[in-house]
Amino acid sequence: MMQIRSLIGRTAHACGIAAEDAACAAVETDGWTILRRRLRTKAGEVDVVAEKAGVLAIIEVKSRPTLAEAAVALSARQRARLVAACEIILGEHPEWGANGVRFDILVVDAASRVRRIADAFRSGDL
């Protein structure tokens, strides 16, 4: 039983990394600069931090079999974690996000199609 859980965990991790790779490629294609991947803070991890024209994007990558399933996969608790992590990030990197900050969700399906939900939520929405 333990070996099966370990295999499932490794498979999920590999799928998550592949989804992040696809998401980062899409972000860069859109002209964004990736500042960090898997940035760990005391509040939690941020999948991708990117910047374009002074706008900082805190990006959560969600991978599910379909884009629709991925689009609804971000919980209120995860949104609160991202907001808290963003506050820490801005405290450590005050030069980032001179023209604002937004929270994006990049959804990736089983075929590695990527869609961006730009400005998916605001800190006041929590």
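Data block above holds the structure.
Bear in mind the structure is a predicted one, so any value in this text is a computation, not a measurement.

Analysis parameters
Residues numbered from 1 in each chain as written. Predicted model: local features only at pLDDT ≥ 70, side-chain atom pairs only at ≥ 80, totals over all residues. Heavy atoms only, no water. Phe/Tyr/Trp six-rings, centres within 6.5 Å; stacked < 30°, edge-to-face > 60°. Helix = DSSP H or I, 4+ residues; strand = E, 2+ residues; numbered from the N terminus. Buried < 20%, exposed > 50% of the residue type's maximum accessible area, 1.4 Å probe, protein only. Pairing = 2+ DSSP bridges. Expected span 1.5 Å × (residues − 1). Axes fitted to C-alpha atoms, helices over the stretch in contact; angles between N-to-C directions.

**Student:** Talk me through the packing of aromatic side chains; I want residue IDs and the actual numbers.
**Tutor:** Taken as a whole, this structure holds one aromatic pair when the rule is applied. Ring centres of F103 and F121 lie 4.8 Å apart, and the angle between their planes is 20°; this geometry places the pair in the stacked category. Of the two residues, F103 sits in strand β4 (residues 101-108) while F121 sits in strand β5 (residues 114-121), which places them 18 residues apart along the sequence. Assessed through its relative accessible area of 4%, F121 is described here as buried.

**Student:** I'd like a rundown of the pairing of strand β3 (residues 55-63), residues and numbers included.
**Tutor:** For β3, a buried count of seven out of nine residues is recorded, marking the element as mostly surrounded by other parts of the structure. Examined bridge by bridge, strand β2 (residues 44-52) and β3 share five bridges and lie antiparallel to one another. In the strand pairing of β3, A50 is matched with A57. Here β2 hands over to β3 after two residues, with A53 in that stretch at a positive phi of 50°.

**Student:** Provide a residue-level description of helix α3 (residues 76-92), including the pertinent values.
**Tutor:** Residue pairs three or four apart in sequence face the same way in an α-helix, which turns once every 3.6 residues. Its 17 residues place the ends of α3 25 Å apart at the C-alpha level, agreeing with the 24 Å of an ideal helix rising 1.5 Å per residue. Those residues of α3 that fall on the buried side of the exposure criterion are L82, V83, A85, C86 and I89.

**Student:** Which residues make up the sheet that holds strand β1 (residues 33-41), and what values do they have?
**Tutor:** The strand order across the open sheet built from five strands is β1-β2-β3-β4-β5, with neighbouring strands paired in mixed fashion. The strands lining the two open edges of the sheet, one partner per strand, are β1 and β5. Here the strands of the sheet are splayed against their neighbours by 30° on average, with no regard to which way each runs.

**Student:** Could you give an account of unusual backbone geometry, with specific residues and numbers?
**Tutor:** If you check the backbone angles, R38 has positive phi at about 50° while not being a glycine. Locating R38 in the fold gives a position in strand β1. In this model, D119 sits at a positive phi of 50°, which is unusual for a non-glycine residue. Checked against the element boundaries, D119 lands in strand β5.

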